[in-house]
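Listed below, chain by chain, are the residues.
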Amino acid sequence: MSSKILEPGEIESAAMTPPFVQMPPADLFAQRATRFDSLSVGHPMSAYLSLLASISRAQQSVLDAPPSLPELNATHLSAALEHDMPPLAVDTLLHNSGWQTQLDAWLEAFTKQNESLPDAVQAALQQLRQADAEQRRTWATALLGGRFSEVPEALVPFLGAALQLAWRHWLKAIDVETIREREDQTECPCCGSLPVAGVIHQRRPMDGVRYLVCSLCATEWHYVRLKCSHCRSTRELDYLHFDDSPHGIKAEACPDCRTYLKQLYLEIASDGEAVTADLASLDLDIRLAEQDWQRRTPNLLLAPGSEGSEGSEEK
Ligand SMILES: [Zn+2]
Ligand SMILES: [Zn+2]
């Protein structure tokens, strides 16, 4: 058995190469819960962010102690990886009953952890509980397919949370080393979903490197900076933000396709996290919509009509 001996410089550069894919941490949802809690203090949408913290806490409880689920088909997983296809493809796994079992487990955990819930929330939970498997799949297919108007608005954050949980759980079966690096990967290499946002890291070896964060399974994958991750234009992208740029968020806006993707700058908000920063900066989305910029990526915890407030025209 022989192995190549690396010179000190080579060792350093190998250690300094940012990985193509990064798996989310095991306590992802607990981290989000903590972040939602701290962002909710003094925030105009404080009650909404606190509800999201509770949703995240229940996600973590079920992720830590999952219900018993059928194993994923290992042959399918490796065949997909071999052909550079996402191993946890949404179209395929929506037909796997595992996510519905996770939804039931999440509903139970969330209800147990939150004794007094507003009537509207209780009604939404009850609707999800009572829906049959076919109806749930229809809603989930619409939600993950970006057809938000086909899902009852009140159900979105809860259904979205259960789907995130299910895919984050399935992600445990994926070996990060088996995912081949590809340039211009605009969809998640693990599940094929769109990113919720980008993150500009600040710690080595990813210092200054941009990763896109999956809206569903939370995998991060490398995507070059200064390039639109929708139409791939590199022409004068704009970085729009409020002057004090709260939550470390700027919107990378592309003049060619008129869409934007939010970017989280960890050098501004070192304890920031993509999903939570996105939901704490919806004021930026409202401003950008007024200027005819189109948001292109979903946040599965966001009711598409409005965020619990009445009268929003947002779609
Ligand atoms: Zn994904
Ligand atoms: Zn573009």
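Rules used in this analysis
- Residues numbered from 1 in each chain as written.
- Chains lettered and ligands numbered in written order.
- Predicted model: local features only at pLDDT ≥ 70, side-chain atom pairs only at ≥ 80, totals over all residues.
- Helix = DSSP H or I, 4+ residues; strand = E, 2+ residues; numbered from the N terminus.
- Rg over C-alpha atoms; globule rule 2.2 N^0.38 Å.
- Buried ≥ 20, exposed ≤ 12 C-beta atoms within 10 Å, placed from the backbone.
- Domains from an automatic or database assignment.
- Contact = placed C-beta atoms within 7 Å.
- Nonpolar A, V, L, I, M, F, W, Y, C, P; charged D, E, K, R; others polar.
- Axes fitted to C-alpha atoms, helices over the stretch in contact; angles between N-to-C directions.
- Parallel < 35°, antiparallel > 145°, perpendicular 65-115°, else oblique.
- Left-handed = near helix turned anticlockwise from the far one by under 90°.
- Pairing = 2+ DSSP bridges.
- Core = buried A, V, L, I, M, F, W, Y, C linked by C-beta atoms within 7 Å.
- pLDDT = per-residue confidence, 0-100.

(A) Highlighting the overall build of the protein chain. Summing up its helical and strand segments, the protein chain has eleven helices and eight strands in all. Here the C-alpha atoms of the protein chain give a radius of gyration of 20 Å, agreeing with the 20 Å that 2.2 N^0.38 yields for 315 residues. For the protein chain, the spread of C-alpha atoms along the three principal axes comes to 65 × 50 × 35 Å. Taking all 315 residues of the protein chain together, 38% fall into the buried category.

(B) Structural detail: the domain arrangement of the protein chain. Entries for the protein chain in the domain assignment read domain 1 (21-173) and domain 2 (185-295). Between the C-alpha centres of domain 1 and domain 2 the distance comes to 22 Å. Between domain 1 and domain 2, the residue contacts involve 24 residues of the former and 18 residues of the latter. For the side of domain 1 that touches domain 2, the element with the highest residue contribution is helix H2 (residues 28-40), accounting for six residues. In terms of residue class, the side of domain 1 that touches domain 2 is made up of 17 nonpolar, four polar and three charged.

(C) Local environment of the packing of helix H3 (residues 46-64) against helix H9 (residues 156-170). Where H3 meets H9, the closest approach of the two axes is 10 Å, and the angle between their N-to-C directions is 30 degrees. The orientation of H3 relative to H9 falls into the category roughly parallel. Handedness of the crossing formed by H3 with H9: right-handed. Along its contact with H3, which presents Ile-55, Gln-59, Val-62 and Leu-63, the element H9 presents Pro-157, Ala-161, Gln-164, Leu-165, Arg-168 and His-169. Of the residues in the contact of H3 with H9, the class split is six nonpolar, three polar and one charged.

(D) Structural context of the pairing of strand E6 (residues 249-253). Most of E6 is tucked away: five of the five residues are buried. A two-sided burial pattern is seen for E6, the buried positions comprising Ile-249, Ala-251 and Ala-253 on one face and Lys-250 and Glu-252 on the other. The sheet contact formed by strand E5 (residues 238-240) and E6 spans three bridges and is antiparallel. Paired with Asp-238 across the strands is Ala-253, a residue of E6.

(E) Fine view of unusual backbone geometry. Omega for the bond connecting Arg-204 with Pro-205 falls within 30 degrees of zero, at 5 degrees, which places this linkage in the cis form. Mapping Pro-205 onto the fold places it in the loop between strand E2 (195-200) and strand E3 (210-214). Positive phi values are uncommon outside glycine, yet Ala-218 reaches one of about 75 degrees. Note that Ala-218 resides in the loop between E3 and strand E4 (220-222).

(F) Region of interest: the nonpolar core. Core analysis: the largest hydrophobic core is formed by 76 residues, its most contacted members being Leu-159, Ala-162, Leu-163 and Cys-217. The contacts of Cys-217, once residues within four sequence positions are left out, are Leu-88, Trp-167, Arg-168, Leu-171, Cys-188, Cys-190 and Cys-191.

(G) Examining the confidence of the model for the protein chain more closely. With 90% of its residues at a pLDDT of at least 70, the protein chain reaches an overall mean of 90. Every residue in residues 305-315 is under pLDDT 50, and counting partners more than four places away or in other chains gives twelve contacts.

(H) Spotlight on the packing of helix H6 (residues 98-113) against helix H7 (residues 119-130). The contact between H6 and H7 brings their axes to 10 Å, and the two run at 150 degrees. The angle between the axes of H6 and H7 places the two elements in the roughly antiparallel class. Between H6 and H7 lies a crossing whose hand is left-handed. Along the contact surface, H6 presents Leu-103, Leu-107 and Thr-111, while H7 presents Leu-125, Leu-128 and Arg-129. Looking at the contact of H6 with H7 residue by residue, the classes come out as four nonpolar, one polar and one charged.

(I) Highlighting the pairing of E2. Most of E2 is tucked away: five of the six residues are buried. Here five bridges tie E2 to E3, and the two strands are oriented antiparallel to one another. Counted as the bridge partner of Gly-198 is Leu-212 from E3. Here E2 runs beside strand E7 (residues 259-265); their pairing, made up of three bridges, is parallel.

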